[in-house]
Amino acid sequence: MAGDLLLRGAAAGRPAARTKSSPADLVTDHDRRSEECVVELLRTYRPDDGILGEEGGERPGRSGVRWVVDPLDGTANFVAGYPAFAVSLAAERAGVVTVGVVHDPCRGETFAAIRGRGATCDGRALAASRVDRLAQALISTGFSSDAEVRDRQAACAARVVRRVRDLRSSGSAALDLCWVAAGRLDGYYEADLRPWDRAAGVLIAQEAGAWVGGAAGPPDDALTLACAPAVAEELRALVGPE
Ligand code: 2AM
Ligand code: CA
C-alpha cells in the first residue's frame, strides 16, 4: 500500500521537496504519507509494538518488539523520477533485527528475511555472490548528504574504483543491500547511514549468505558493508577505518 502510494506520487510528476539537514537531504509529503500508511497498518495488526520511523520518530510500545521504518528510502531518486526507491521495515526484539522487508514499487519486487530462515525475493530463495576476487566484483556505494563526509567518501571511492570491476551508486541503501542478497551486486558499502536505512537490508543480505559488518563489529552508523564472503577482508581494508 505504501509502495502504491509512492508509485502514484512518482508518476504524477516531480514531487515538491523540502531540505532537512543540508541541500542534499530531502523530504517530501510522500515520505510522511508513506510512513502514516505503514504506521496505520502496524497499529492495526501489531497494536502493542513500538515504532521508530525516520519521519515520525519514536512511538513506544509494550510488546518488546520495535519496528524500524524508512517509509521512503531514496528520496532524491523519488523526487527526480529515477526508479530506485523503496519502503523498508525491520522488526527488532531486544535490539536484534529478526525480520526485514524491503519493497521496491518500481520493479514490483518484495525482499524479505527472517533471522535464521533465509532471504527471499517474491518468495524465491536468494543467494549472495560467491565471487572471490575484488577485480571481478561489481560494487555499489552511496554518498552522505553532509558535504564533509562526501569529501572523504569521494576519496575512498577513488581508491575502490581502481580495484574492482566497476562501481555503482543507486541512492537507496535498502535496495543496494537487497541487490547484494540477490547476487546482482558483489558488494556494497556506505558510511553515515541511519538505522532505518540499513536495518531490513542488512538482515536480508546476511540471510542470503553475504558477509555483513561495520567499522568494528556489526554494521553501524559509521560503516555498513555487505559483500561476497571471500572478498570481505580485502574490501573492508579498503573502505574501513584507517
Ligand atoms: P533516504 O533516501 O531515506 O534519505 C543514499 O546514499 C542513502 O543514504 C539512502 O539510503 C538515503 O536514505 C541515505 N541518506 C541520505 N542522507 C541521509 C541522512 N541525512 N540521514 C540518513 N540517511 C541518509
Ligand atoms: Ca527516508
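Please refer to the structure higher up on the page.
Keep in mind the model is a prediction, meaning the values are calculated, not measured.

Caption draft 1: Molecular detail of the coordination of the calcium ion (ligand 2). Around the calcium ion (ligand 2), the protein contributes the donor atoms Glu54 (OE), Asp70 (OD), Asp70 (OD) and Leu72 (O), at 2.1 to 3.1 Å from the metal centre. One chain supplies every donor to the calcium ion (ligand 2), and in sequence these donors are spaced E-x15-D-x1-L. Residue classification places Asp70 among the buried residues on the basis of a relative accessible area of 1%. Taking the relative accessible area as the measure of exposure, Leu72 reaches 1% and is therefore buried.

Caption draft 2: The arrangement of the nonpolar core in detail. Among the nonpolar cores identified, the biggest contains 34 residues, and Val102, Phe111, Leu126 and Ile204 are the most heavily contacted of them. Where this core is concerned, the elements lending two or more residues are β6 (86-93), β7 (96-104), β8 (109-114), β9 (119-121), α5 (173-181) and α6 (195-207). If we skip the residues at most four places from it in the chain, Leu126 touches Phe111, Ala119, Thr120, Cys121, Ala181, Ala182, Ile204 and Ala208. By size, the runner-up hydrophobic cluster in this structure holds 20 residues, among which are Leu134, Val164, Leu223 and Leu238.

Caption draft 3: Fine view of the packing of aromatic side chains. Counted under the stated rule, the structure contains one aromatic pair. Centre to centre, the rings of Phe78 and Phe85 are 5.2 Å apart; their planes meet at 85 degrees, and the pair counts as edge-to-face. Each member of the pair, Phe78 as well as Phe85, is classed as buried. Against the face of Trp179 rests Arg184, its NZ or CZ located 5.1 Å from the ring centre.

Caption draft 4: A look at the pairing of strand β11 (residues 138-141). Judged from the three bridges that link them, β11 and strand β12 (residues 166-168) form a sheet pairing that is parallel. Across the sheet, the residue bridging to Ile139 is Leu167, located in β12. Note on the crossover from β11 through helix α4 (residues 147-161) to β12: the handedness is right-handed. Alignment of β11 against strand β13 (residues 187-190), held across three bridges, turns out to be parallel. Paired with Ile139 across the strands is Gly187, a residue of β13.

The rules behind the values
- Residues numbered from 1 in each chain as written.
- Chains lettered and ligands numbered in written order.
- Predicted model: local features only at pLDDT ≥ 70, side-chain atom pairs only at ≥ 80, totals over all residues.
- Heavy atoms only, no water.
- Donors = N, O, S within 2.8 Å, 3.2 Å for Na, K, Ca; no water.
- Buried < 20%, exposed > 50% of the residue type's maximum accessible area, 1.4 Å probe, protein only.
- Core = buried A, V, L, I, M, F, W, Y, C linked by side-chain atoms within 4.5 Å.
- Helix = DSSP H or I, 4+ residues; strand = E, 2+ residues; numbered from the N terminus.
- Contact = heavy atoms within 4.5 Å.
- Phe/Tyr/Trp six-rings, centres within 6.5 Å; stacked < 30°, edge-to-face > 60°.
- Lys NZ or Arg CZ within 6 Å of the ring centre and 35° of its normal.
- Pairing = 2+ DSSP bridges.
- Right-handed = clockwise from strand over helix to strand, strands pointing away.

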